[in-house]
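Chain by chain, the residues run as shown.
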Amino acid sequence: MSRLADYFVIVGYDHEKERSGTRSGKILQRFPENDWHDTPFIEGIEWFCQPLGWALSTERQEPRFFVSVLTDIDANRHYCACLCFNETVSITPNKPIDEEEETLTPGRALIPPVPTVTHHSIMYAPKCLVLVSRLDYTETFR
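All values reported here derive from a predicted model rather than from experimental measurement.

Draft legend 1. Fine view of the pairing of strand 3 (residues 64-71). Alignment of strand 3 against strand 4 (residues 77-90), held across eight bridges, turns out to be antiparallel. Looking at the pairing, Val 69 lines up with Tyr 79 of strand 4. Connecting strand 3 to the antiparallel partner strand 4 that follows it, the hairpin turn spans five residues, and Ala 75 within it adopts a positive phi of roughly 65 degrees.

Next up, the structure:
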């Protein structure tokens, strides 16, 4: 008997890697936690849930649903039904905005500082709910 869904995965924005300059997603939870003997878990699934890349946004985006079709080494298809939405994240700058502006030194021309980074206290991080199945039931997954 075949399963409707082999895996259910929750993928979120990786805030730890962002600090090192890399933007990516990470698996927050997956069910079941152990691989099925007949269907191994797809490594790197976090790259297929955000095809345009993982990035924080200053504006909330509408939830979206799509299906990625992945083929394994044995030419078996795996359908990854993704529901992607945004969750609110509060951002704290490393330095207060006042400290980032240059201080005037005697003898320098008075040039107003050019803001290079816009600080937002609220950002939106992508999060995805993913059903992985060997069955092509797109409307059922929706």
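After that view, the rundown keeps rolling.
Draft legend 2. Quick look at the pattern of salt bridges. Scanning the model with the defined rule gives seven salt bridges in all. Notably, a salt bridge pairs Lys 127 with Glu 87, separated by 3.3 Å at the nearest N-O pair. Residue Lys 127 is found in strand 5 (residues 122-133), and its partner Glu 87 is found in strand 4; the two are separated by 40 residues along the sequence. When its relative accessible area of 29% is taken as the criterion, Glu 87 is described as partly exposed. Three or more residues joined by partner-sharing salt bridges are found here, namely Arg 3, Asp 6, Asp 38 and Arg 134.

Draft legend 3. Up close: the sheet that holds strand 4. Judged by pairing direction, the sheet is antiparallel, and its five strands sit side by side in the order 2-1-5-4-3 without closing on themselves. Each having just a single partner strand, strand 2 (25-31) and strand 3 make up the two edges of the open sheet. Looking at each pair of strands side by side, their axes are set apart by 25 degrees on average, direction ignored. The pairing of strand 1 (residues 7-13) with strand 5 spans six bridges and is antiparallel. When the sheet's bridge partners are listed, Ile 10 is paired in strand 5 with Leu 129.

Definitions and limits used
- Residues numbered from 1 in each chain as written.
- Predicted model: local features only at pLDDT ≥ 70, side-chain atom pairs only at ≥ 80, totals over all residues.
- Heavy atoms only, no water.
- Pairing = 2+ DSSP bridges.
- Helix = DSSP H or I, 4+ residues; strand = E, 2+ residues; numbered from the N terminus.
- Salt bridge = Lys/Arg side-chain N within 4 Å of Asp/Glu carboxyl O.
- Buried < 20%, exposed > 50% of the residue type's maximum accessible area, 1.4 Å probe, protein only.
- Axes fitted to C-alpha atoms, helices over the stretch in contact; angles between N-to-C directions.

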